[in-house]
Amino acid sequence: MILISKRIGIITSSFPAFENDPSGAAGFFVKDFAILLSDKYSKIPILTPYRKNSNFNNPKFKVQFFRWLGQKYGFGALKHGGIDSFFRFLSALLSGSVTVLDFIKKNKIDCCIA
């Protein structure tokens, strides 16, 4: 018998900063996925890096943004081999690692989808 968790959280690097965000196209899949999950499991918490003007409200899920050095540009602006990009990515990794523990505890998450 397989037990299905009732407390599911989503961790993603790509999520729209706000409703109909044109630069967040890749994250619309995650948004739609969260809506479908919420129909079965209740309000879904989502953890994602903050981007400029991030403010996403939806009754079916709760978005928690974490701060990092690249928030002005987003992950799409990171350049392979660039020292600035290296430090932005490192800040996302460190900030996200610390934030994810609080995210799991605060939302009482049993299972994360990343």
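Residues numbered from 1 in each chain as written. Predicted model: local features only at pLDDT ≥ 70, side-chain atom pairs only at ≥ 80, totals over all residues. Heavy atoms only, no water.

Asks: Please explain helix α2 (residues 83-107) as it appears in this structure.
Replies: Side chains three or four residues apart in an α-helix point the same way, a direct result of the helix having 3.6 residues per turn. Between its first and last C-alpha, α2 extends 35 Å over 25 residues, near the 36 Å set by a 1.5 Å rise per residue. Among the residues of α2, Ser85, Arg88, Ser91, Ala92, Gly96, Thr99, Val100, Phe103 and Asn107 are the ones counted as buried. Residues of α2 that are buried sit in contact with β1 (8-11), β2 (44-49) and β4 (61-66). The positive-phi residue at the C-terminal boundary of α2 is Lys108, with phi of around 50°. (Helix = DSSP H or I, 4+ residues; strand = E, 2+ residues; numbered from the N terminus. Expected span 1.5 Å × (residues − 1). Buried < 20%, exposed > 50% of the residue type's maximum accessible area, 1.4 Å probe, protein only. Contact = heavy atoms within 4.5 Å.)

Asks: Is there a simple way to think about the side chain of Ser91 in this case?
Replies: Among the secondary structure elements, Ser91 is positioned in helix α2. A polar atom in the side chain of Ser91 sits 2.9 Å from the backbone nitrogen of Leu69. Those residues within four positions of Ser91 in sequence are excluded, and the remaining contacts are Trp68, Leu69, Gly70 and Gly96. (Polar contact = N/O pair within 3.5 Å; in protein donor to acceptor, adjacent residues only side chain to side chain.)

Asks: Honestly, helix α1 (residues 28-41) in this entry has me stumped. Any pointers?
Replies: Its 14 residues place the ends of α1 19 Å apart at the C-alpha level, agreeing with the 20 Å of an ideal helix rising 1.5 Å per residue. In the stretch just after α1, Ser42 is the one whose phi turns positive, near 95°.

Asks: What is the right way to look at the sheet that holds β4 in this model?
Replies: By definition, the strands of a sheet pair up through backbone hydrogen bonds, in either a parallel or an antiparallel sense. Taken in spatial order, the five strands make up an open sheet running β3-β4-β2-β1-β5, and their pairing is mixed. Looking at which strands have only one partner, the edges of the open sheet turn out to be β3 (57-58) and β5 (111-113). Sheet topology note: the β3/β4 ladder contains two bridges and is antiparallel. Among the inter-strand pairings, Asn57 is bridged to a residue of β4, identified as Lys62. Contacts between α1 and the sheet are confined to β1, β2, β3, β4 and β5, with β1 contributing the most and set at about 175° to the helix. In this fold α2 packs onto β1, β2, β4 and β5, with an angle of close to 145° to the strand it touches most, β4. (Pairing = 2+ DSSP bridges. Axes fitted to C-alpha atoms, helices over the stretch in contact; angles between N-to-C directions.)

Asks: Got a minute to help me understand the pattern of salt bridges in this structure?
Replies: As a working rule, side chains carrying opposite charge can pair if their charged atoms are close by. Per the counting criterion, the structure on display carries one salt bridge. A salt bridge links Asp39 to Lys60; the nearest nitrogen and oxygen atoms lie 2.5 Å apart. Of this pair, Asp39 sits in helix α1 while Lys60 sits in the loop between β3 and β4, and the two are 21 residues apart along the sequence. Here Asp39 falls in the exposed class, since its relative accessible area comes to 51%. Residue class for Lys60 comes out partly exposed when judged on its relative accessible area of 33%. (Salt bridge = Lys/Arg side-chain N within 4 Å of Asp/Glu carboxyl O.)

Asks: For this particular structure, what's the right way to read the nonpolar core?
Replies: The tendency in soluble globular proteins is for nonpolar side chains to be buried side by side. Ile8, Ile10, Phe15, Val30, Ala34, Leu37, Tyr41, Ile44, Ile46, Phe56, Phe61 and Val63 together form the largest nonpolar core, which totals twelve residues. Of all elements in the fold, only β1, α1, β2 and β4 reach the threshold of two or more residues within this core. Among the elements that take part in this core, α1 stands out by supplying four residues, more than any other. Counting residues in each nonpolar core, the second largest holds seven residues, with Leu47, Trp68, Phe103 and Ile109 among its members. (Core = buried A, V, L, I, M, F, W, Y, C linked by side-chain atoms within 4.5 Å.)

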